[in-house]
Amino acid sequence: MKKIYFLLFVFCILSVSAGLTTAEEPAVTVSTVIETSQDGSHDLPEPLMVLPFVALLIAIATGPIFYHHFWEKNYPAIAMALGSVTIIYYLVVLGDTHSLMHTLAEYLSFIALLASLFIASGGILIKIDRKATPMLNAGILLFGAVIANIIGTTGASMLLIRPFMKINKDRIKPYQIVFFIFIVSNIGGALTPIGDPPLFLGFLRGVEFFWFISNIWYIWLPTILVVTAIFYIIDSRNADDEAESNYSGKIEFQGLKNVGYLLIILISVFIDPGIMSWVPSLAPLPIGIREIIMFSVCYLSYKGADDKILRANEFDFEPIKEVAYLFIGIFATMIPALQLIGHEAKALGDQINAGDFYWATGILSGFLDNAPTYLNFLSAELGKFGMDVNSKADVLSFELAHPLYLQAISVAAVFFGAMTYIGNGPNFMVKSISERAGVKMPSFFAYMVKYSIPILIPIFTLVWLIFYYGKG
Amino acid sequence: MKDLMSSLESNTTGLHYGNRVLLPFKVHILKAIIENDIITDFSLTKHNAHYNITDEFTEIYFHDYKDIKENMSKYETVKLIVVEKGNDIFDLSNHLKISLHFEEHHKLEIEKIDGDILFIE
């Protein structure tokens, strides 16, 4: 039934949008959609149109707590019904198919990357036969933070969450999973465009690949070390009452074939007409060669995976299905919110400094998907300096002339993704895998109240004070 | 009727009908995981699930599911922590982790969970 909802929803957007795309509007592809999304040729939505988004956020926050089983059965229908309200408004009232196609293209890009990393890493089994200690746990988190920049926060999370839980099976507590989400699923991935989707969108716009590592490492490193140090202190107080066992110290790795698939996904990230001119565009489809490769990897890596590994990983599509359904609703309903925010940011550009951009991007990235949020604030920052986000030359000039501004939104978009379960795609997946393994995870609110607000906000405030306060 | 260990060793299967699961041995159930649900309250005042130990088998009702098999994907299982009836429930070494695979024709494969499967008590 869920599949039918989903297919109907995508089909409706595709067919209606394709039908309404007129000769005056350019054909769209993943990259051209991104190029032309901010043209400002359409009316702004009514502020009331943020209500479906607010309703969806409230439902995501309260559903699993207050009406758990109703929510579990009906979240696909709820997410899509609320998304449909926004879609119909854009189609009928604003006549703006462009924003919808842009969002659909971004959603397909987003879910193709997440699904392919999720499925390919599901066919890999890492066994660590070592006694869990706070030091080993901290080491795994640091390792995860580093590889998140090579295989993305999703790939690193999926690869490491099970071994991390297995070595801690006799002393596992929800805080360990929460810190895993903080470090591996979010903050870790701030150094390369592969690390986190917002940086990838910046890269597609013209920010140089190595700009992020050379301009963010000195914020990334102390932040990662501080969060890991807090984890270490808390973890050191977690008594290990496990009976003495013999550990071989062995680390076993199975599923090498799927590592090959992970490499294909990483290479395919760059296969975009905006980056490589020889890559054909598939206009007017809101999908490109890159997404086709990623969806093919989904199929091939699942079909070719070792059955024993899938069984040991208890591989299940539900975590990625949950992300796919919820985020299709989030992507659709947040269009008006993002457009209004982008408009206000541009209008108030002169009064906004780097620190304001840091907080605005950060707070919104915690509740909206961080990729489109980042793009809107990138556009607003360029607008502040009279530049155009659609021009790669302008983006390059901006990167060189105002690195502080670019750094502020890049750091904020990635770091603040850890603030809620919906801040970044892998957060939900890690939560779901943990619950299926028997770990009772904190609710949406408890995650914020007990963990992200008291632990991350002081650290992020410190980042702001040191790097952005009174600057720009 | 076989005891728990010999049932597992001989791969004796159980049965499933809709939301009802029948295990071919007598056990107390301490924890069950079905999808994202972690169930530890089997009291009659709660509607999640409850179990009965009869003279012939143990039956579990998962009230929130009409048909459990429909909710289970290929590699997904229902996981239980059980203690054989008559054994000391307070001795942790008697706690056993088992997984239930929902097969066709109401057949329920029961396996002892090995080290590979992640299941936290």
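Residues numbered from 1 in each chain as written. Chains lettered and ligands numbered in written order. Predicted model: local features only at pLDDT ≥ 70, side-chain atom pairs only at ≥ 80, totals over all residues. Heavy atoms only, no water.

(A) View of the overall build of chain A. Counting its regular elements, chain A contains 19 helices and two strands. Looking at chain A as a whole, 60% of its 472 residues qualify as buried. Counting contacts in chain A only where the partners sit at least 6 residues apart, residues at least 24 apart contribute 84% of the total. Carbon together with sulfur atoms contributes 69% to the accessible area of chain A, which is approximately 17700 Å² in total. (Helix = DSSP H or I, 4+ residues; strand = E, 2+ residues; numbered from the N terminus. Buried < 20%, exposed > 50% of the residue type's maximum accessible area, 1.4 Å probe, protein only. Contact = heavy atoms within 4.5 Å. Areas by Shrake-Rupley, 256 points an atom, 1.4 Å probe, with all protein chains shown as cover.)

(B) Structural detail: the pattern of salt bridges. Counted under the stated rule, the structure contains 10 salt bridges over all chains. In this structure, the salt-bridge partner of Arg 290 of chain A is Asp 272 of chain A, at a minimum N-O distance of 3.3 Å. One end of the pair, Arg 290 of chain A, is in helix α11 (residues 289-303); the other, Asp 272 of chain A, is in the loop between α10 (256-268) and α11, with 18 residues separating them in the sequence. Each member of the pair, Arg 290 of chain A as well as Asp 272 of chain A, carries the same accessibility label: buried. Its salt-bridge partner being Glu 104 of chain B, residue Lys 69 of chain B comes within 3.3 Å of it at the nearest N-O pair. Linking Lys 69 of chain B in helix α2 (residues 68-71) with Glu 104 of chain B in the loop between β8 (96-102) and β9 (107-112), this pair joins segments that are 35 residues apart in sequence. In this structure Lys 69 of chain B comes out as partly exposed when scored by relative accessible area, which is 24%. Here the residues in one salt-bridge network are Asp 272, Arg 290 and Glu 291 of chain A, joined through shared partners. (Salt bridge = Lys/Arg side-chain N within 4 Å of Asp/Glu carboxyl O.)

(C) Region of interest: the confidence of the model for chain A. On average, residues of chain A score 84 in pLDDT, and 89% of them are at 70 or above. A low-confidence stretch, residues 1-40 of chain A stays under pLDDT 50, and its non-local contacts, those more than four residues away or across chains, total 86 contacts. (pLDDT = per-residue confidence, 0-100.)

(D) Structural view of helix α14 (residues 354-367) of chain A. Residue and element names in this part refer to chain A. Taking 1.5 Å per residue as the helical rise, α14 with its 14 residues ought to reach 20 Å, and the 20 Å between its terminal C-alpha atoms agrees with that figure. Along α14, the residues that are buried comprise Ala 354, Gly 355, Phe 357, Tyr 358, Thr 361, Gly 362, Ser 365 and Gly 366. The buried residues of α14 occupy an angular sector of 160° when projected down its axis, which confines them to one face. Elements that come into contact with the buried residues of α14 comprise α15 (370-384), α17 (403-415) and α19 (444-467). Capping the start of α14, Asn 353 holds a side-chain oxygen 3.0 Å from the backbone nitrogen of Gly 355, two or three residues further along. (Expected span 1.5 Å × (residues − 1). Arc of directions from axis to C-beta. Polar contact = N/O pair within 3.5 Å; in protein donor to acceptor, adjacent residues only side chain to side chain.)

(E) Representation of the sheet that holds β8 of chain B. Residue and element names in this part refer to chain B. Spatial strand order, β4-β3-β7-β8-β9-β1-β2-β6-β5: nine strands in an open sheet with antiparallel pairing. Two strands in the sheet have a free side with no partner beyond their single neighbour: β4 (37-39) and β5 (49-53). In this sheet, neighbouring strand axes are inclined to one another by 25° on average, regardless of whether the strands run parallel or antiparallel. In the sheet, β5 pairs with strand β6 (residues 58-62) via five bridges, with the strands oriented antiparallel. Among the inter-strand pairings, Ile 53 is bridged to a residue of β6, identified as Thr 58. (Pairing = 2+ DSSP bridges. Axes fitted to C-alpha atoms, helices over the stretch in contact; angles between N-to-C directions.)

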